[in-house]
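Geometric and topological summary
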Amino acid sequence: MLADDMACNARNEYPAQVFNNENHKLNLYGDNVEVDYRGYEVTVENFLRVLTGRHENAVPRSKRLLSDEGSHILLYMTGHGGDEFLKFQDAEELQSHDLADAVKQMKEKRRFKELMIMVDTCQAATLFNQLQSPDVLAIGSSLKGENSYSHHLDSDVGVSVVDRFTYYTLAFFERLNIYDNASLNSLFRSYDPKLLMSTAYYRTDLYQPHLAEVPVTNFFGSVMETLHTDSVYKAFSSKTSNNKINSEMPLNQLSEHDELQKANIQNDELKTEKQKCPYTQMRVDLHKKLEKLENVDTVVNLGIAVMLLVVMVSSSLL
Amino acid sequence: MASLVRSWIPLLILQSFLVAVAFGSKEAEQFSEALLLKPLPDRKVLAHFHFENRAPPSNSHGRHHHLFPKAISQLVQKFRVKEMELSFTQGRWNHEHWGGFDPLSSMNAKPVGVELWAVFDVPQSQVDTSWKNLTHALSGLFCASINFLESSTSYAAPTWGFGTNSDKLRYGSLPREAVCTENLTPWLKLLPCRDKDGISALMNRPSVYRGFYHSQRLHLSTVESGQEGLGSGIVLEQTLTVVLQPETTSVETNMQPSWSLSSLFGRKVVGSCVLAKSSNVYLQLEGRLGHESKNVDTEIEAHKLWKNADFDLSLKPDRVLRESSGLLFIFDIDKSSDSEPFDLGLNWKLPSKWSCQQAPLQASRFLMGSGNERGAIAILLKATESQEKLPGRELTDGRCTIKANIFQIFPWYIKVYYHTLQIFVDQQQKTDSEVLKKINVSPSTDKVSSGMLEMMLELPCEVKSAAISIEYDKGFLHIDEYPPDANQGFDIPSALISFPSHHASLDFQEELSKSPLLSSFKEKSLVRSYTEVLLVPLTTPDFSMPYNVITITCTIFALYFGSLLNVLRRRIGEEERFLKSQGKKTGGVKQLLLRLTAKIRGRPIEAPSSESPAAESSFLSTKLIFKIILIAGAAAAWQYFSTDK
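Thresholds applied
- Residues numbered from 1 in each chain as written.
- Chains lettered and ligands numbered in written order.
- Predicted model: local features only at pLDDT ≥ 70, side-chain atom pairs only at ≥ 80, totals over all residues.
- Heavy atoms only, no water.
- UniProt positions renumbered as here; feature names shortened; annotations may be inferred.
- Helix = DSSP H or I, 4+ residues; strand = E, 2+ residues; numbered from the N terminus.
- Expected span 1.5 Å × (residues − 1).
- Buried < 20%, exposed > 50% of the residue type's maximum accessible area, 1.4 Å probe, protein only.
- Disulfide = S-S within 2.5 Å.
- 1 Å grid on protein atoms, 1.4 Å probe; cavity = no way out; pocket = protein on both sides within 12 Å on 5 of 7 lines; lining within 4 Å.
- Points joined across faces, edges and corners; volume = space filled by probe spheres on them.
- Nonpolar A, V, L, I, M, F, W, Y, C, P; charged D, E, K, R; others polar.
- Contact = heavy atoms within 4.5 Å.
- Buried area = accessible area lost by both parts, 1.4 Å probe.
- Salt bridge = Lys/Arg side-chain N within 4 Å of Asp/Glu carboxyl O.
- Polar contact = N/O pair within 3.5 Å; in protein donor to acceptor, adjacent residues only side chain to side chain.
- Core = buried A, V, L, I, M, F, W, Y, C linked by side-chain atoms within 4.5 Å.
- pLDDT = per-residue confidence, 0-100.

If you look chain B up in an unreviewed UniProt entry, it shows as GPI transamidase component PIG-T isoform X2 from Camelina sativa.

Per an unreviewed UniProt entry, chain A is named GPI-anchor transamidase isoform X2, and its organism is Camelina sativa. Its UniProt record gives chain A a comment under Pathway (unreviewed entry), which states: "Glycolipid biosynthesis; glycosylphosphatidylinositol-anchor biosynthesis."

What follows is the structure, given as structure tokens:
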């Protein structure tokens, strides 16, 4: 979602190019960029619709977030923001309550397996104050009361080209090569408060795995573990499950989005487990047993007679 | 062994026979690409990329494509589109210098932003729904906000003013839409070779978007097969028109700049697209009248055409065609490859000047009036120099006239008063019936539909200038309907001026082979030009007012209720009064009890001083003992009486 057209703006000295550095070495607006929502379409309403998946019928598939319970989603937001809000188009705000509500809805509808939210605004950490859903990891570029600053000014283009937090994030990824197995922990530790001029705060209380074991490619970049199967529809047992598994479907769908704001990665397998609590299990067993009986009426009548006998005996004894 | 061979030979023969039958019965899909380069009189260069993809008629189920993009054929099938054109443009076509009468400018000089029109093949009641779904599908396909055209306030249904006469035609335009790489990339992905091979590999994005004018256009039309049971064929034409300025090192200002493909685009052509049936580069030079010797059979004469005193080309053309107004050099790029890239260059040696042929009347549009309440729109048509030389002027009633069609859309907040339409010919006001031959008006409805005006004017051939003006009132929008940058203003889409009696075509008589680009030029296309987009400032509210109102209201409520409660409940000097009341008579019930006990005892009422607490304490203790004795007695009696049977 890009609210303003920067690359082909009439004021841009370098048309169709967006740089992250004054040296103009890396053009971020490559040949294959895809921008689904731009201009006046970037509204809080559309953003929440994309997250929750509530679109009108006519909206095409490329404008929907087609994720399911195996997806890893990266949500990156940048712009102007403040205490528990983010500004949209100078006219609207996205509040932390709205974001937390949308994430809760997504979790209810099982639209993600893991979600990472990266916010680069002033007082960014306040935007995910209200989050409560599990499997969400969030990092913001500054704490409450701190500003986030831009990195440097490009005198050719005439504006500051990149914010500090984004600059150091990109620098981290530029240092990696294809065989590095960098973890999220190393990414989060690489932010130096003195260089950022703010504290990059991250929240892991809702996220179960240890950050040192999670590779960055889980969210950044589309690297998937593909499992080869001979037959498409036969269910096979997974190597990591301990519980009873009823049905499994291997999902090997490749994602094609390569945007700045969203990356959608789908994991390898889907497990559905039916594990009930003992009380319901007992009731179900009872129900099954009752169903097996041929004439239920005699059982019921017998039960009533026995009950009456018990009552009479107890009253006479007293 | 031999028996085995003998068993599968007939199978093989049968298979090849079937394959031959299958291929022979169907026409194949065709793709061809072309690039036309044309130096312009004002030291710029026009580059026109043309890609044509044809899908033959076939059965509607099981339609297999190997060259034609499936996305487009699915679009046509699902929405029953008969003809459609979608263009993304930035920049304004300079009719004065770049021409207005040739087929290139008539077809490719488009209004700024996005323009979409479509003709459907569905019942009349479903046309609007099909249009709405089509806009959404296109917005997803091309990464643009074309879905804003779905609401009935942004599109219109022109009839005869637009050129295509159909009642299932819908037209919409978004002047504010940006055009960038994300729109070009999916457009290129519709081509068989994408942007990896052939002529489309030249499209270096920074070079394309640095141009003075760039317009990418997609035009698709269905071709009826005429046979029962067969679906219709589709012809998809994609063009990209860029006007670039080559960098010049020469100091002289009247010399045309020399350029080459690598200096314009930064790349060279390394081979044609193998899936293309024909792949050519054309260089068109206007104003070179063929007054040299007619026979180009001799080698020297042919050589002089492309290497002479005025200019020379860096590569030898494969063919040269002549037309009344210019020369066309044809280069075939099939032979080029990585080792021999194709880099055509044009080097000017002497200053040359020429002019492009223009439309009979040059149109411009502007706003009149001031203030935020009302205004007027005026269209000015000025005669150009080439007016007398143009063919196609009609004789009606013995007079020579030029016919001009004007088609405009007005958004609903520009409330046009059609009765204020005034027409001036050569600065004299004319009554409507003299000049206006046909008019079709569809008035706007507030917040529901936009207004549309189509009119046909018949002007005398010797006209120097003509002006049409119309007045309007500015409407008010609801606060939610304002865009985030409301203070910039609101756009009125471009008007279309077309000349139905004039047709532009370029006919190269010596053309033998069927080149799609040249055959599209040969077809007579309507001469049309688009005017500017107008920016109208409307009254915008102060958007901080809701916040201010809430703050003020809450403050007033707080002050009112706060002071009211203070007045009603707070007592000043409450502390002192309480302390005083400790020494005063005890009030109420306590006094009554004291009086009673005093009467029982027979003692007089004592003053409630320090004595009363002492008396009270002893009195209380006896009362307590009496109560205890009473209750104990009652409990014993109950016990006795209850257990006794």
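And the narrative resumes.
1. What to know about helix α5 (residues 127-142) of chain B
All names here are of chain B. Taking 1.5 Å per residue as the helical rise, α5 with its 16 residues ought to reach 22 Å, and the 22 Å between its terminal C-alpha atoms agrees with that figure. Taken residue by residue, α5 has V127, S130, W131, L134, T135, H136, A137, L138, S139, G140 and F142 as its buried positions. One or two residues past the end of α5 sits C143, with phi positive at roughly 55°.

2. Focus: the state of the cysteines
Following the criterion strictly, the structure yields 3 disulfides over all chains and no others. Paired by a disulfide, C8 of chain A and C180 of chain B hold their sulfur atoms 2.1 Å apart. Between C8 of chain A and C180 of chain B, the S-S torsion sits near 75°, and that sign places the bridge as right-handed. In this pair, C8 of chain A is assigned in the segment before α1 (44-52) and C180 of chain B in the loop between β6 (169-174) and α6 (181-188), connecting two distinct chains.

3. Focus: empty space enclosed by the protein
All names here are of chain B. Applying the stated criterion across every chain, the model contains 3 cavities of 30 Å³ or more. Here the second largest cavity defines a volume of roughly 60 Å³. Considering the residues around the second largest cavity, the lining is formed by H95, G100, Q358, A359, L361, Q362, A363, T384 and S529. In terms of residue count, strand β15 (residues 361-368) provides more of the lining of the second largest cavity than any other element does, 3 residues in total. For the lining of the second largest cavity, the class distribution of residues is 3 nonpolar, 6 polar and no charged.

4. Side note on the interface of chain B and chain A
In this complex, chain B contributes 28 residues to the contact, which on the side of chain A involves 26 residues. Carbon and sulfur atoms make up 53% of the area that chain B and chain A hide from each other, which totals about 2,200 Å². Between the two partners, chain B and chain A, sit 3 salt bridges. The shortest N-O distance in the salt bridge between R205 of chain B and D31 of chain A comes to 3.8 Å. At the surface where chain B touches chain A, the tally comes to 13 residue pairs in polar contact (both at pLDDT 80 or more). If you list the elements that add at least two residues to the side of chain B that touches chain A, you get α5, α6 and α7 (205-209) of chain B.

5. Quick look at the UniProt feature "transmembrane region" (unreviewed entry) in chain B
All names here are of chain B. UniProt records the feature "transmembrane region" (unreviewed entry) at residues 547-568 and 624-641, using the numbering of this structure. Across residues 547-568 one finds 100% helix and 0% strand; the C-alpha atoms that close the span lie 32 Å apart. Regarding residues 624-641, the helix share stands at 100% and the strand share at 0%, and the terminal C-alpha atoms are separated by 26 Å.

6. Re the nonpolar core
All names here are of chain B. Core analysis: the biggest nonpolar cluster contains 84 residues, and F49 and F329 have the highest contact counts within it. For this core, the element with the highest residue contribution is α5, accounting for 6 residues. Apart from the residues within four sequence positions on either side, F329 is in contact with V281, Y282, L283, L285, L305, W306, F311, L313, P317, R319 and V320. Ranked by size, the runner-up nonpolar core spans 44 residues in total, among them C400, Y472, A486 and A504.

7. Things to note about the confidence of the model for chain B
Residue and element names in this part refer to chain B. When pLDDT is averaged along chain B, the result is 85; 86% of the residues meet or exceed 70. Per-residue pLDDT stays below 50 along residues 20-25; that stretch engages in 0 contacts with residues further than four places along the chain or on separate chains. Long-range and interchain partners of residues 607-613, a stretch whose pLDDT sits below 50, account for 1 contact in this model, where long-range means more than four residues apart.

8. Here we look at unusual backbone geometry
All names here are of chain A. Even without being glycine, A16 reaches a positive phi, approximately 60°. Structurally, the position occupied by A16 is in the segment before α1. One non-glycine residue, E84, adopts positive backbone phi at about 65°. Looking at the secondary structure, you find E84 in the loop between β2 (81-82) and β3 (85-88).

9. A look at the pattern of salt bridges
All names here are of chain B. The full count for this structure, using the stated rule, is 31 salt bridges over all chains. In this structure, R92 engages E532 in a salt bridge whose closest nitrogen and oxygen atoms are separated by 3.8 Å. With R92 in the loop between β3 (81-90) and α3 (95-98) and E532 in the loop between β26 (525-530) and β27 (534-536), the pair connects residues that are 440 residues apart, well separated along the chain. The class for R92 is exposed, based on a relative accessible area of 56%. A network of salt bridges, in which partner residues are shared, links E85, K110, E115, R217 and E237.

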